[in-house]
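In case you want the letters, here they are:
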2 protein chains.
Amino acid sequence: MLTLFYAPHTCSLATHIALKDAGADHQLRRIDFGTSEQQSPEYLAINPKARVPALLTDRGVLTETPAMLAYVAQRYPAAQLAPFDDPFALAEVQAFNSYLCATLHVAHSHRMRGYRWASEPSSFADMQRKVPESVGACFTLIEKSMLKGPWVFGARYTIADPYLFTLAQWLEADGVDPASIPRVVEHRARMAERSNVREAIAEELEG
Amino acid sequence: MLTLFYAPHTCSLATHIALKDAGADHQLRRIDFGTSEQQSPEYLAINPKARVPALLTDRGVLTETPAMLAYVAQRYPAAQLAPFDDPFALAEVQAFNSYLCATLHVAHSHRMRGYRWASEPSSFADMQRKVPESVGACFTLIEKSMLKGPWVFGARYTIADPYLFTLAQWLEADGVDPASIPRVVEHRARMAERSNVREAIAEELEG
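Each value, and the rule that gives it
- Residues numbered from 1 in each chain as written.
- Chains lettered and ligands numbered in written order.
- Predicted model: local features only at pLDDT ≥ 70, side-chain atom pairs only at ≥ 80, totals over all residues.
- Heavy atoms only, no water.
- Contact = heavy atoms within 4.5 Å.
- Buried area = accessible area lost by both parts, 1.4 Å probe.
- Salt bridge = Lys/Arg side-chain N within 4 Å of Asp/Glu carboxyl O.
- Polar contact = N/O pair within 3.5 Å; in protein donor to acceptor, adjacent residues only side chain to side chain.
- Helix = DSSP H or I, 4+ residues; strand = E, 2+ residues; numbered from the N terminus.
- Nonpolar A, V, L, I, M, F, W, Y, C, P; charged D, E, K, R; others polar.
- Pairing = 2+ DSSP bridges.
- Axes fitted to C-alpha atoms, helices over the stretch in contact; angles between N-to-C directions.
- Buried < 20%, exposed > 50% of the residue type's maximum accessible area, 1.4 Å probe, protein only.
- Disulfide = S-S within 2.5 Å.
- Least-squares fit on C-alpha atoms with pLDDT ≥ 70 in both.
- 1 Å grid on protein atoms, 1.4 Å probe; cavity = no way out; pocket = protein on both sides within 12 Å on 5 of 7 lines; lining within 4 Å.
- Points joined across faces, edges and corners; volume = space filled by probe spheres on them.
- Core = buried A, V, L, I, M, F, W, Y, C linked by side-chain atoms within 4.5 Å.

Caption draft 1: Structural detail: the interface of chain A and chain B. Counting residues at the interface gives 47 residues for chain A, matched by 47 residues for chain B. Interface area for chain A against chain B, summed over the two sides, is near 3,800 Å², with a carbon-plus-sulfur share of 61%. Among the residues chain A hides against chain B, the three largest losses belong to R59(A), F88(A) and W117(A). Together they make up 17% of the total. Applying the counting criterion to the chain A and chain B interface returns two salt bridges. A salt bridge links D86(A) to R59(B); its shortest N-O distance comes to 2.9 Å. Across the chain A-chain B interface, the total number found is 15 residue pairs in polar contact (both at pLDDT 80 or more). The element contributing the most residues to the side of chain A that touches chain B is helix α4 (residues 87–109) of chain A, with 14 residues. Classifying every residue of the side of chain A that touches chain B gives 24 nonpolar, 12 polar and 11 charged.

So, in structure tokens, the structure goes:
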């Protein structure tokens, strides 16, 4: 049994969807950001980074979405969620997910989490003004150079798909014009039709 | 033959060291940041992200250090640079490298590349003042919770080691007190003694 520590409207949704796609036996444990539960001694013992997601396994705790997604794919190979038999193809998937994690998500985080990298309210406001441009540039690069369609890597659905879908939830709030990235928006709609995705979102909001 | 597009004093050093550790047939191609070669049409055709590193393979181009390191490890299994036969252990390595990429390196980048996320000189100065704290917090977490020693994952050297070594090159310039993270500094010294590391650094400065 795997336990996913999550919060609604965060990137934990990507791993949640992947667990369903893999058919993995799992349970959810919601971390309440409203009471700063991610800072509690109990949660810090699970994840000293004080963030979600974290995945409790029979071997210990994993963090970082690209690593958790790869773990789910490798541990449940029947679902064929990543090409572990092909070093180049696997590296392409990992590179895509690394870009989402380290560039797109980071750009997005400057809208509400500027305190991680600065201290002055004027800096936070400046960062917020830049988000439509910085996040938009990431989505434009994905639209033009990365997203093959219908899934990120073409005909084969992979762990890149739930991750892109999850971060694409935020693009309107980040001030990105959906009309400028029609293929990303089509991918998001295609994902939203999947029963695993619908169920994952519903469970997180109920939980 | 693999071709690594690199620039001195950047994170491309991590993959360079790993290529040597793997015994991979490779060549170097320096990208001249002084003339903004990373923005040239020729380089954008290789890597539209306009960054280093990039790794040209017989199948195409790879980017993103965590993905490139995993590719080197998987393609040259005799070097045993990552535990590809163990999903949990591999995910731990990937999680460590993802943290370096998306949190530590990103915090560092706010010292000189604040224009990625803001526009005002006052914001850049504010970001620079925060770097000793934000980068320092990352290294403290690594020191206390992640670095097992003598290598990142204990007795077994992995692709996490050249990556940590590479980012630890910058800690003094980022205003982090080396005395506060003695185990990280010991790891850096242990890495610096390796012939592959010494040769990789010398080649990058000559190239």
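Caption draft 2: Fine view of the sheet that holds strand β1 (residues 2–6) of chain B. Sheet architecture is open: four strands sit in the order β2-β1-β3-β4 (chain B), paired in mixed fashion. Sheet topology places β2 (26–30) and β4 (60–63) of chain B at the edges, where each strand pairs with a single neighbour. Taking each pair of neighbouring strands and ignoring which way they run, the sheet shows an average axis angle of 25 degrees. Note that β1(B) and strand β3 (residues 54–57) of chain B share three bridges and pair antiparallel. Paired with F5(B) across the two strands is A54(B), which belongs to β3(B). Sitting on the sheet, α4(A) is in contact with β3 and β4 of chain B, with an inclination near 40 degrees to β4(B). Strand contacts of helix α1 (residues 12–22) of chain B: β1, β2 and β3 of chain B, with the helix running at about 155 degrees to β1(B), the strand carrying the most contacts.

Caption draft 3: Looking closely at the pattern of salt bridges. All chains considered together, the criterion is met by 22 salt bridges over all chains. Between D58(A) and R75(A) there is a salt bridge, with the nearest N and O atoms lying 3.8 Å from each other. Of the two residues, D58(A) sits in the loop between β3 (54–57) and β4 (60–63) while R75(A) sits in helix α3 (residues 65–75), which places them 17 residues apart along the sequence. Take D58(A): its relative accessible area is 64%, and that puts it in the exposed class. Two residues, K130(B) and E133(B), come together in a salt bridge whose shortest N-O distance is 3.6 Å. On the criterion of helical spacing, the pair formed by K130(B) and E133(B) is a turn pair, its members being three residues apart in helix α5 (residues 121–146). Overall, E133(B) belongs to the exposed group, its relative accessible area being 52%. A single salt-bridge network, built from bridges that share partners, covers K20(A), E199(A) and E203(A).

Caption draft 4: Structural detail: the pairing of β4(A). Residues and elements named next belong to chain A. Pairing analysis gives four bridges linking β3 to β4, with the strands arranged antiparallel. Among the inter-strand pairings, L56 is bridged to a residue of β4, identified as V61. Connecting β3 to the next strand, β4, in antiparallel fashion are two residues.

Caption draft 5: Quick peek at the state of the cysteines. Residues and elements named next belong to chain A. If you walk through the whole model with that rule in mind, you get zero disulfides over all chains. Cysteine C11 is unpaired, with the sulfur of C101 as its nearest cysteine sulfur at 7.3 Å. Judged by its relative accessible area of 7%, C11 is buried.

Caption draft 6: Layout of the relation of the copies chain A and chain B. Take chain A, turn it by 180 degrees, move it 0.0 Å along the axis, and it overlays chain B with an RMSD of 0.0 Å. Read as a symmetry element, the transformation amounts to a two-fold axis. Closest approach to the rotation axis among the C-alpha atoms of chain A is made by A102(A), whose C-alpha sits 2.0 Å away. Here 100% of the interface residues in chain A have copies in chain B that are interface residues too; the copies meet face to matching face.

Caption draft 7: Highlighting α3(A). Across the 11 residues that make up α3(A), a large majority, 10, are buried. Three or more residues of α3(A) are buried, namely T65(A), P66(A), A67(A), M68(A), L69(A), A70(A), Y71(A), V72(A), A73(A) and Q74(A).

Caption draft 8: Geometry of empty space enclosed by the protein. With the rule as written, the count across this model stands at three cavities of 30 Å³ or more. By volume, the largest cavity amounts to about 90 Å³. Elements represented by at least two residues in the lining of the largest cavity include exactly α3 and α4 of chain A together with α3 (65–75) and α4 (87–109) of chain B. Broken down by element, the residue count for the lining of the largest cavity peaks at four residues, all from α4(A).

Caption draft 9: The nonpolar core, seen in detail. Core analysis: the largest hydrophobic core is formed by 121 residues, its most contacted members being L55(A), F139(A), I142(A), L55(B), F96(B), F139(B) and I142(B). The contacts of I142(B), once residues within four sequence positions are left out, are F96(B), Y99(B), L100(B), L104(B), L147(B), L164(B) and V184(B). V106(A), W117(A), A118(A) and W117(B) belong to the second-largest nonpolar core, a separate cluster that totals eight residues.

Caption draft 10: Quick peek at the sheet that holds strand β1 (residues 2–6) of chain A. Residues and elements named next belong to chain A. Read from one edge of the open sheet, four strands run β2-β1-β3-β4, paired in mixed fashion. The two strands at the open ends of the sheet, each matched to only one other strand, are β2 (26–30) and β4. Strand-to-strand twist across the sheet, computed as the mean angle between neighbouring axes with direction ignored, equals 25 degrees. In terms of strand pairing, β1 meets β2 through five bridges, oriented parallel. Along β2, the bridge assignment pairs Y6 with R30. The strands that helix α1 (residues 12–22) touches are β1, β2 and β3; relative to β1, the one it contacts most, it runs at about 155 degrees.

In short, shape yes, function no, at least from these values alone.
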